[in-house]
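Overview (structure and organization)
Chain by chain, the residues run as shown.
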Amino acid sequence: MTPVTPDLARYHRQMLLPGFGEAGQLKLLGSSVFVVGCGALGTVIANTLARAGVGQLIIVDRDFIEITNLQRQILFDEKDVADAIPKAEAAKRKINAINSQVEVIAVVDDVNHANVEKLIALGRGGKVDLIIDGVDNFETRYLVNDAAVKLGIPYVYGGAVGTVGASYAILPHTPKADSAWEKTGYATPCLRCIFEQAPPPGLNPTCDTAGVIGPGVSIIANYQANEALKILTGNYDRVARTMLNIDLWENTVRQFKVAKAYDVGECECCKKRNFEFLDGKFGSSTTTLCGRNAVQLSLKQQAGKMDFDEIAARLRPHGAVSVNKFMLRADIKDNGEPYELTLFTDGRAIVKGTKEPNTARGIYAKYVGA
Amino acid sequence: MADTITVRIPTALRPQVENQESIAIAGASVKQVLGVLTTRYPELGKRLYKKENELNRFINVYINDEDIRFLENLETPVKGGDELSIVPAIAGG
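Keep in mind that this is a model prediction, so the values were computed, not measured. (Residues numbered from 1 in each chain as written. Chains lettered and ligands numbered in written order. Predicted model: local features only at pLDDT ≥ 70, side-chain atom pairs only at ≥ 80, totals over all residues. Heavy atoms only, no water.)

**Concerning the domain arrangement of chain A**
Residue and element names in this part refer to chain A.
- Taken as a whole, chain A is organised into domain 1 (9-264) and domain 2 (286-367).
- Just the C-alpha atoms count here: the centres of domain 1 and domain 2 sit 29 Å apart.
- Every contact between the two is made by 16 residues of domain 1 and, on the other side, 19 residues of domain 2.
- For the pair domain 1 and domain 2, the two sides together bury roughly 1,500 Å², of which 50% comes from carbon and sulfur.
- For the interface between domain 1 and domain 2, the tally reads 2 salt bridges.
- Notably, a salt bridge pairs glutamate 66 with lysine 352, separated by 2.9 Å at the nearest N-O pair.
- Scanning the region where domain 1 abuts domain 2 turns up 4 residue pairs in polar contact (both at pLDDT 80 or more). (Domains from an automatic or database assignment. Contact = heavy atoms within 4.5 Å. Buried area = accessible area lost by both parts, 1.4 Å probe. Salt bridge = Lys/Arg side-chain N within 4 Å of Asp/Glu carboxyl O. Polar contact = N/O pair within 3.5 Å; in protein donor to acceptor, adjacent residues only side chain to side chain.)

**As for unusual backbone geometry**
- Phi is positive for asparagine 251 of chain A, which is not a glycine, with a value near 60 degrees.
- Of the residues examined, asparagine 251 of chain A reaches a relative accessible area of 67% and is grouped as exposed.
- The backbone phi angle of asparagine 19 of chain B is positive, close to 60 degrees, even though this residue is not glycine.
- In this structure, asparagine 19 of chain B sits in the loop between β1 (4-8) and β2 (22-26). (Buried < 20%, exposed > 50% of the residue type's maximum accessible area, 1.4 Å probe, protein only. Helix = DSSP H or I, 4+ residues; strand = E, 2+ residues; numbered from the N terminus.)

**Here we look at the interface of chain B and chain A**
- Across the boundary between the two partners, chain B contributes 24 residues, which contact 43 residues of chain A.
- When the area that chain B buries against chain A is broken down by residue, the three leading residues are Phe70, Ile90 and Gly93 of chain B, summing to 24%.
- Across the contact surface, chain B and chain A share 8 salt bridges.
- In this assembly, chain B and chain A are joined by 19 residue pairs in polar contact (both at pLDDT 80 or more).
- Secondary structure elements with two or more residues in the side of chain B that touches chain A: β5 (59-63), β6 (66-67) and β7 (83-88) of chain B.
- Counted by class, the side of chain B that touches chain A contains 9 nonpolar, 5 polar and 10 charged residues. (Nonpolar A, V, L, I, M, F, W, Y, C, P; charged D, E, K, R; others polar.)

**Structural notes on empty space enclosed by the protein**
All names here are of chain A.
- The tally for this structure, following the rule as stated, stands at 1 cavity of 30 Å³ or more.
- Its boundaries defined by the atoms lining it, the largest cavity holds a volume of some 40 Å³.
- Asp63, Phe64, Arg292, Arg329, Glu340, Thr342, Phe344, Ile350 and Lys352 together form the lining of the largest cavity.
- Of all the secondary structure elements, the ones that give two or more residues to the lining of the largest cavity are β13 (337-344) and β14 (349-352). (1 Å grid on protein atoms, 1.4 Å probe; cavity = no way out; pocket = protein on both sides within 12 Å on 5 of 7 lines; lining within 4 Å. Points joined across faces, edges and corners; volume = space filled by probe spheres on them.)

**What to know about helix α3 (residues 40-52) of chain A**
Residue and element names in this part refer to chain A.
- The terminal C-alpha atoms of α3 lie 19 Å apart, and with 13 residues this matches the ideal 18 Å at 1.5 Å per residue to within 8%.
- All buried positions along α3 are accounted for by Ala40, Leu41, Gly42, Thr43, Val44, Ile45, Ala46, Asn47, Leu49, Ala50 and Ala52.
- Just downstream of α3, glycine 53 is the residue with a positive phi angle, here 90 degrees. (Expected span 1.5 Å × (residues − 1).)

**What to know about the pairing of β2 of chain B**
Residues and elements named next belong to chain B.
- Where burial is concerned, the two faces of β2 differ: the one with Ile23 and Ile25 is buried and the one with Ser22, Ala24 and Ala26 is not.
- Sheet topology note: the β1/β2 ladder contains 5 bridges and is antiparallel. The residue of β2 that forms the bridge with valine 7 is isoleucine 23. (Pairing = 2+ DSSP bridges.)

**Some details on the sheet that holds strand β9 (residues 286-288) of chain A**
All names here are of chain A.
- Spatial strand order, β9-β10-β14-β13-β12-β11: 6 strands in an open sheet with antiparallel pairing. The open sheet terminates on both sides in strands that have one partner only, identified here as β9 and β11 (321-323). Sheet twist, expressed as the mean angle between neighbouring strand axes with direction ignored, is 15 degrees.
- Examined bridge by bridge, β9 and strand β10 (residues 294-297) share 3 bridges and lie antiparallel to one another. (Axes fitted to C-alpha atoms, helices over the stretch in contact; angles between N-to-C directions.)

**A closer look at the packing of aromatic side chains**
Residues and elements named next belong to chain A.
- Applying the stated criterion across every chain, the model contains 7 aromatic pairs over all chains.
- The ring centre of tyrosine 262 lies 5.2 Å from the NZ or CZ of lysine 271, which sits over that ring.
- Positioned above the aromatic ring of phenylalanine 344, the side-chain terminus of arginine 348 is 4.1 Å from the ring centre. (Phe/Tyr/Trp six-rings, centres within 6.5 Å; stacked < 30°, edge-to-face > 60°. Lys NZ or Arg CZ within 6 Å of the ring centre and 35° of its normal.)

**Some thoughts on the environment of arginine 47 of chain B**
- Take arginine 47 of chain B: it is sitting in helix α2 (residues 42-48).
- Sequence separation between arginine 47 of chain B and glutamine 16 of chain B is 31 residues, and the spatial gap between their C-alpha atoms is 9.0 Å.

This is how it looks when you write it as structure tokens:
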């Protein structure tokens, strides 16, 4: 739905671009985009798309802002850290100030196989027009890729760590081949066509071990946003049919040719339409978090809301505890090792101080209860 | 070095090759080039190969930006001056 009397003056400079114009701008204002994750990539993406006038942004992130995020996560500031604001909520506040024509739905949650389709359905008209990736792990990317292919929604992948980054836009194949991009011959292979399997934990460096350079994530995120703007304005012919790889320390920019992957390959996802991540066959209930010495636990069944006051009372003998309406945070010493335990109202927990899922499960079981 | 292939090593795998960014190797096919490379650096071979003659599926190999899976896979012929890129999935964000 476009606004009744949209104020287009602020978009004048981009409406001058070829293939854009007022018609393109009205398409953007009528579009819904799902921003999956609001960290380094996600903040840059959300900022660019909001300024460009994408009408609705659904921003989902499970995390809170830390001081080490500010080096690259451009929508956040020191006050957000001090106030312990969730990332999605802080992003919404900043975007509201940047462009009041954009509706932001902020969701503080993990994206998993049980909720991803519901989050997609928050889009205007019951479905978002595009999914864009600000995720920090491959499991969630395959999940989102499954959902995008199943529902026929374009999905723009991006990833960055150290001084390297990659991006690639997926215009998915659909069962009837009747999408706007397929009719014009511009469908592209999906993420699993290109990378058939996720790298095992420990193979790749994380933001912990390799660090991450701010401009790297900004370049990748804005490249993703650029592909998104082409797709949302219907400029499918301009979408790159290659996977971008950059290394800012080596000054290399590569465009790998991936277009044949669908025709030649036997992709489980987009060719066989077997959505293993979306069906919950793959994927775990613990996630080691990139850039943090931390593990997230997702509890599949949550009977009711946790009583933070009661848990806080139990934990105070073990160390400092703070509670607000979003979370409980406790410093715990276990076997002489310090851990920081954060509980969220939806039943998730983040155990900081370990990368081992079992250690994290143990801490949770000991201090919160299984 | 006109008849050597330049192999580009991704950041993730550089610890296995004495931190070199690229390595020049002679060979007539992808298999030969990777064979020489992984004989010289066996730890790299453990990361690249699932089993003999089968690369791990989370790593792609490109010859001059073309995926070898859509050429002749490990049998893809190479010539001097070609560039072989080993590209793992990039997960951070």
